[in-house]
Amino acid sequence: MFLLLLTYRDGVLDRLDALLPEHYEYVDRNIADGVFLLTGRRVPRTGGVILARADSRETIEKVIAEDPFLRTGAVTYEVIEFEPTRTALPGLCASGRR
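The rules behind these values
- Residues numbered from 1 in each chain as written.
- Predicted model: local features only at pLDDT ≥ 70, side-chain atom pairs only at ≥ 80, totals over all residues.
- Heavy atoms only, no water.
- Helix = DSSP H or I, 4+ residues; strand = E, 2+ residues; numbered from the N terminus.
- Expected span 1.5 Å × (residues − 1).
- Bend = angle between axes of the 7 residues up to and from the residue.
- Buried < 20%, exposed > 50% of the residue type's maximum accessible area, 1.4 Å probe, protein only.
- Contact = heavy atoms within 4.5 Å.
- Polar contact = N/O pair within 3.5 Å; in protein donor to acceptor, adjacent residues only side chain to side chain.
- Pairing = 2+ DSSP bridges.
- Axes fitted to C-alpha atoms, helices over the stretch in contact; angles between N-to-C directions.
- Arc of directions from axis to C-beta.
- Phe/Tyr/Trp six-rings, centres within 6.5 Å; stacked < 30°, edge-to-face > 60°.

Participant: Whenever I open this one, helix α1 (residues 13-32) confuses me. Can you help?
Facilitator: Note on helix geometry: an α-helix contains 3.6 residues per turn, so any two residues three or four positions apart are oriented the same way. The terminal C-alpha atoms of α1, which comprises 20 residues, lie 27 Å apart, in line with the 28 Å expected from a rise of 1.5 Å per residue. Of all the bends found along α1, the most pronounced is centred on L20 and spans about 55 degrees, while P21, a proline, follows it within four residues. Taken together, the buried positions of α1 are L16, L19, L20, H23, Y26, V27 and N30. Against β1 (2-8), β2 (36-41), α2 (57-65), α3 (68-71) and β4 (75-81) lie the buried residues of α1. The positive-phi residue at the C-terminal boundary of α1 is G34, with phi of around 80 degrees.

Participant: Sorry, what's going on with the side chain of N30 here?
Facilitator: Its location among the elements puts N30 in helix α1. Under the relative-accessibility criterion, N30 is labelled buried at 4%. A distance of 2.9 Å separates the side chain of N30 from the backbone oxygen of Y26, its partner in a polar contact. If we ignore the near neighbours within four places in the chain, the residues touching N30 are V35, F36 and V63.

Participant: Honestly, the side chain of H23 in this entry has me stumped. Any pointers?
Facilitator: Along the polypeptide, H23 turns up in helix α1. What makes H23 buried here is its relative accessible area of 9%. Filtering out sequence-adjacent residues up to four positions away, H23 remains in contact with D67, P68 and F69.

Participant: How should the sheet that holds β1 be read in this particular structure?
Facilitator: Strand pairing in a sheet is mediated by backbone hydrogen bonds. Such pairs are either parallel or antiparallel. The four strands are arranged β2-β3-β1-β4 in an open sheet whose pairing can be described as antiparallel. Taken across any chain shown, the strands that pair with only one partner, and hence form the sheet edges, are β2 and β4. Within this sheet the neighbouring strands show an average axis-to-axis angle of 15 degrees, counted without direction. Alignment of β2 against strand β3 (residues 47-52), held across five bridges, turns out to be antiparallel. By the bridge assignment for β3, F36 is matched with A52. Seen against the sheet, α1 touches β1, β2 and β4 and runs at an angle of roughly 165 degrees to β2. Its contacts with the sheet place α2 against β1, β2, β3 and β4, and it is angled at close to 160 degrees to β4.

Participant: In this structure, what is going on with α2? I would like to understand it.
Facilitator: Among all positions of α2, only I60, V63 and I64 are buried. Along the axis of α2, the buried residues cluster in a sector spanning 90 degrees; they form a single face. Counted as exposed and oriented over 90 degrees from the buried face of α2: E58 and K62.

Participant: Mind showing me how you'd approach the packing of aromatic side chains here?
Facilitator: Centre distance and the angle of the planes are the two values used to describe a pair of aromatic rings. With the rule as written, the count across this model stands at two aromatic pairs. On the basis of an interplanar angle of 85 degrees and a centroid distance of 6.4 Å, the ring pair of Y8 and F69 is categorised as edge-to-face. Pair noted here: Y8 is in strand β1 and F69 is in helix α3, with a separation of 61 residues, a long-range link. Both rings, one in Y26 and one in F36, keep their centres 5.7 Å apart while their planes meet at 75 degrees; by these two values the pair is edge-to-face. Of the two residues, Y26 is situated in helix α1 and F36 in strand β2; the sequence distance between them amounts to 10 residues. F36 carries the same exposure label as Y26, and that label is buried.

Here it is as structure tokens:
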């Protein structure tokens, strides 16, 4: 499991707004593929957060390379890999514990 933290670069909000339709297509495609489980904006609007599932860090790196926000240099990504051990959401823990 991966927590993806996006941080907007200074002065890019106008550029990001113009890229939103393409970015939303990218997000929707990865939700439909089961890669992205949860997405949203950070508050205040300084970036985004994505909870993602992939078989390896290499796979998730390939997925985020397709983000138009990243391709245009408007954001940076921090990729945090973790293994969920407790959840209130069924099916997220490898151990099956809730």
